[in-house]
Amino acid sequence: MHPFRKPLVAAAAALSLAACGPQEPTPPAPASVEDSRTPAQREAERTPYQLDGFFAQAATDFRVPADLLKAVSYTETRWDMVKGEVEFEGMPAAYGLMALRGAKVAEGARLAGVSEEAVRTQPEANIRAYAALLSATADELKVDRSDLGAWAPAVAKLSGITSTDAQAEFIHNEVYGVLRQGAVAQTPAGDVAVSLMPTQARAQFASPSVHAMAAGPDYAASIWRPSPNYNARPTDATGDVQIVVIHTCEGTYSSCWSWLTNTASGVSAHYVVNESGSEISQLVREADRGWHVGATYDCNLNGGVMCGLQGVSVNHFSVGIEHGGYASQTSFPAGQIDASAKLTCDITKGQAIVRDSYHIVAHGRLQPASRTDPGPNWPWSSYISKVQSYCGTTTALIIDSNNANNDSSKGYIEVSANWVSSTNVAGYYGSGYFAAPTAAVSDPATFYFYMSAAGTKTIDAWWTSATDRSTTAPFIIWDANGTKLATVNVNQQAGGGAWNTLGTWSFPAGWNKVQLSRWTGSGYQVIADAIRVR
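Not measured: the values here are computed from a predicted model.

Caption draft 1: View of the overall build of the protein chain. Along the backbone of the protein chain there are 12 helices and 25 strands. For 534 residues, the compact-globule formula gives about 24 Å, and the C-alpha radius of gyration of the protein chain, at 25 Å, lands near that figure. Taking the principal axes of the C-alpha coordinates as reference, the protein chain spans close to 75 × 55 × 40 Å. The buried share among the 534 residues of the protein chain stands at 58%. Here the analysis covers contacts within the protein chain between residues at least 6 apart in sequence; of these, 75% occur between residues at least 24 apart. Roughly 20600 Å² of accessible area belongs to the protein chain as shown, and the carbon and sulfur atoms make up 53% of that amount. Taken as two groups, the 37 positive and 47 negative side-chain charges of the protein chain have centres that lie 3 Å from each other.

Okay, structure coming up:
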């Protein structure tokens, strides 16, 4: 499916990392906050409060259907109180459970009799502002309020989507799709946060057309919705595709591909993945240059790799994937991550892109002055592991220093407040690393990994190198029975930005662990970045 793919031999060009960098600062207290939540806890924290009462009261006060309010909120944010960012110029940031933007924040606040700040920050006020806007729009369109299906034109008008095809998708497949299927969310305490019972409401709105349902030219599992916003890649080496850039739309899937296929927007991406992972749109051929990163490349932001492209537009040599959702959301649906990983596997296969965290990167890493997406809760480690797994390249388990990147059912890290989260030295794995000064104390960084059955595994460690690193950093290997298997001292002034093998041992089933101790020669730093179990 990739008519313009380059030879795989090009993938041999990989990491070119700085051997050393600036010194670690003296660690302040307290250290960074760890994310030790399980996936289920992360999902529950999308909606940490009970909302049924807020929806019911707003529906009563403004004479709108409560179920419709719930369905719109689920479609827009999965009932997450988001604080949106600007992803596309000309599209204001979205706020709250209902994803209100720009002038709608002010108008909704006025109609609901609450402050604009409350609309941006308080769940109840946010729902009431949307309900007031929906009621006013229903009056304008003379909606039959007794018929749930008759509200569809008012919802479409409030969506801000201008494409008739995208409006139809938004109404029929998303908002009224949720009404037909129902949904429920629980709080972290296990209480019902929101419940939406299924109903057979039929939207009185034009159905989606079928002309846009052809398969994408590069990815058969996608829908081809061509964007006019692209041009040709350079014919020299700067047009050779080398990275995949991960974005969040800061809005819904339908609004995203609608905007990116609008001539007036002046932006695009090669793909958009919907929130559930059930649909992907291809907008630009991979052989062409999409307009998804508004920055030139700075290798210092990306671990010191590909410095030959310094100052070159990122769009020249990248493929961009947008995802329905927000950089501030507390978790990403498993189906969306899975579908995106399959897509990225396909892209990296066809374009011979290295499958690591320097070549599959965040928009926010490459354009930090104005973008943060896909945000701190994108599960980088498990995502890249999935990409590798789908491509059949590895079955290794990687445990990162950021638990947001880990599948906590398989592995996670624990550190005390004395360990400092840092990105100070280039070449780190994932989104950063922990550093701590050497000292005669029992205060290790502990990487836990789970084995469902006994087996022999090789352990590798990743760190960043600098002249202040310990030359005798002690990695201690423990099995699930509490038996110390070995202590391996490594020189962290060398070997940075790469996997370094510690050894091979036999482990029993259960939670085994690798600890990096601080108890070694004084005056240095020890670096806990990531371990790999293979």
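Caption draft 2: Local environment of the sheet that holds strand β17 (residues 433–437). In space, the three strands of this open sheet follow the order β16-β17-β24, with antiparallel pairing throughout. The open sheet has two edge strands, β16 (420–422) and β24 (525–528), and neither has a second partner. Ignoring strand direction, the axes of neighbouring strands in this sheet form an average angle of 35°. Where β16 meets β17, three bridges bridge the pair, whose relative direction is antiparallel. The residue of β17 that forms the bridge with S422 is Y433.

Caption draft 3: Fine view of the environment of A99. When you line up the elements, A99 lands in the loop between β2 (94–96) and β3 (100–101). In this structure A99 comes out as buried when scored by relative accessible area, which is 8%. In the structure, A99 is positioned 22 residues away from T77 in sequence and 6.8 Å away in space, judged by C-alpha atoms. When near neighbours in sequence (up to four residues on either side) are disregarded, A99 contacts E76, T77, A94, N126 and Y326.

Caption draft 4: Local environment of the state of the cysteines. Scanning the entire structure with this criterion turns up three disulfides. Each disulfide pairs two cysteine sulfurs, and for C249 the partner residue is C256, the sulfurs being separated by 2.2 Å. Here the disulfide of C249 and C256 is left-handed, its torsion about the S-S bond being about -80°. A single burial state applies to C249 and to C256, both of which are buried. Shown here for the protein chain is a disulfide pattern of 1-2, 3-4, 5-6, where each number marks a bonded cysteine counted in sequence order.

Caption draft 5: Fine view of helix α2 (residues 52–62). Taken residue by residue, α2 has F55, A58, A59 and F62 as its buried positions. Seen end-on, α2 carries its buried residues on one side only, within an arc spanning 100°. For α2, the exposed residues lying more than 90 degrees away from the buried face are G53 and T60. Buried residues along α2 sit in contact with α3 (66–77), α4 (102–112), α6 (123–141) and β5 (192–196). R63, located one to two residues past α2, shows a positive phi value of around 55°.

Caption draft 6: The packing of α4 against α6, seen in detail. Interhelical geometry of α4 versus α6 gives an angle of 85° and a closest axis separation of 8 Å. Considered as vectors, α4 and α6 are oriented roughly perpendicular to each other. Of α6, the residues touching α4 (which contributes K104, E107, G108, A109, L111 and A112) are R128, A129, A132, L133 and A136. Split into classes, the residues belonging to the contact of α4 with α6 amount to seven nonpolar, one polar and three charged.

Caption draft 7: The packing of aromatic side chains, seen in detail. Counting across every chain of the model gives 15 aromatic pairs. When the ring of F332 is compared with that of W378, the centres are 4.9 Å apart and the planes differ by 70°; the resulting orientation is edge-to-face. Pair noted here: F332 is in the loop between β12 (318–323) and α10 (334–351) and W378 is in the loop between α11 (363–366) and α12 (380–390), with a separation of 46 residues, a long-range link. Of the two residues, F332 and W378, both sit in the buried class. Grouping aromatic residues by their ring pairs yields a cluster made of F332, W378, W380 and Y383. The side chain of R120 reaches across the aromatic face of Y95, ending 5.6 Å from its centre. Its guanidinium or amino end placed over the ring of W478, K513 lies 5.5 Å from that ring's centre, counting from NZ or CZ.

Caption draft 8: Fine view of the environment of A106. With respect to the helices and strands, the residue A106 is situated in helix α4. Overall, the relative accessible area of 32% leaves A106 in the partly exposed class. A106 sits 23 residues away from A129 along the chain, and the two C-alpha atoms are 8.9 Å apart.

Caption draft 9: Quick peek at the side chain of S318. Turning to its location among the elements, S318 is positioned in strand β12. Residue classification places S318 among the buried residues on the basis of a relative accessible area of 0%. Here H292 takes part through its side chain, which lies 3.0 Å from a polar atom of the side chain of S318. In this view, S318 contacts R233, V241, I243, V245, H270 and H292; residues no more than four positions away in its chain are not counted.

Procedures and definitions
Residue numbers here run from 1 along each chain, matching the order of that chain's written sequence. A pLDDT threshold of at least 70 governs which residues receive local features in this predicted model, and a stricter bar of 80 or more applies before side-chain atom pairs are shown or counted, although totals over entire chains, interfaces and linings include all residues. For the side-chain quantities, the full set of heavy atoms in the structure was used; hydrogens and water were omitted. To qualify as a helix, a DSSP run of H or I must reach at least 4 residues; to qualify as a strand, a run of E must reach at least 2; elements of each kind are numbered from the N terminus. In this description the radius of gyration comes from C-alpha coordinates, and the expected globular size is given by 2.2 Å times residues to the power 0.38. Each residue gets one of three labels from its accessible area relative to the maximum for its type: buried under 20%, exposed over 50%, partly exposed in between, using a 1.4 Å probe on protein chains only. Residue contacts follow a heavy-atom distance rule, with two residues in contact if any of their heavy atoms lie within 4.5 Å. Each accessible area is a Shrake-Rupley estimate made with a 1.4 Å probe; only the visible protein chains count as cover when residues are assessed. Residues scored as charged are limited to Lys and Arg (positive) and Asp and Glu (negative), so that His and the chain ends carry no count. To locate a charge, take atom NZ for lysine, CZ for arginine, CG for aspartate or CD for glutamate. Strand pairing requires that DSSP identify at least two bridges connecting the strands. Here, axes are lines fitted to C-alpha atoms. For helices the fit covers the stretch in contact, and angles between N-to-C directions go from 0 to 180 degrees. Here, two cysteine sulfur atoms that lie within 2.5 Å of each other are counted as a disulfide. Throughout, the arc means that of the directions going from the helix axis to the C-beta atoms. Throughout, the term roughly parallel applies to angles under 35 degrees, roughly antiparallel to angles over 145, roughly perpendicular to angles from 65 to 115, and oblique to all others. Throughout this entry, Asp, Glu, Lys and Arg are counted as charged residues, while Ala, Val, Leu, Ile, Met, Phe, Trp, Tyr, Cys and Pro are counted as nonpolar. The remaining residues, Gly among them, count as polar. For this analysis, a ring pair means two rings from Phe, Tyr or Trp (six-membered ring only for Trp) whose centres lie within 6.5 Å, classed as stacked if their planes differ by under 30 degrees, edge-to-face if by over 60, and tilted for the remaining angles. Placement of a positive charge over a ring is assigned whenever Lys NZ or Arg CZ falls within 6 Å of the ring centre and within 35 degrees of the normal to the ring plane. For the purposes of these results, a polar contact is taken to be a pair of N or O atoms within 3.5 Å, where, inside protein, one atom must be able to donate a hydrogen and its partner to accept one; residues adjacent in sequence count only when each atom of the pair is a side-chain atom.

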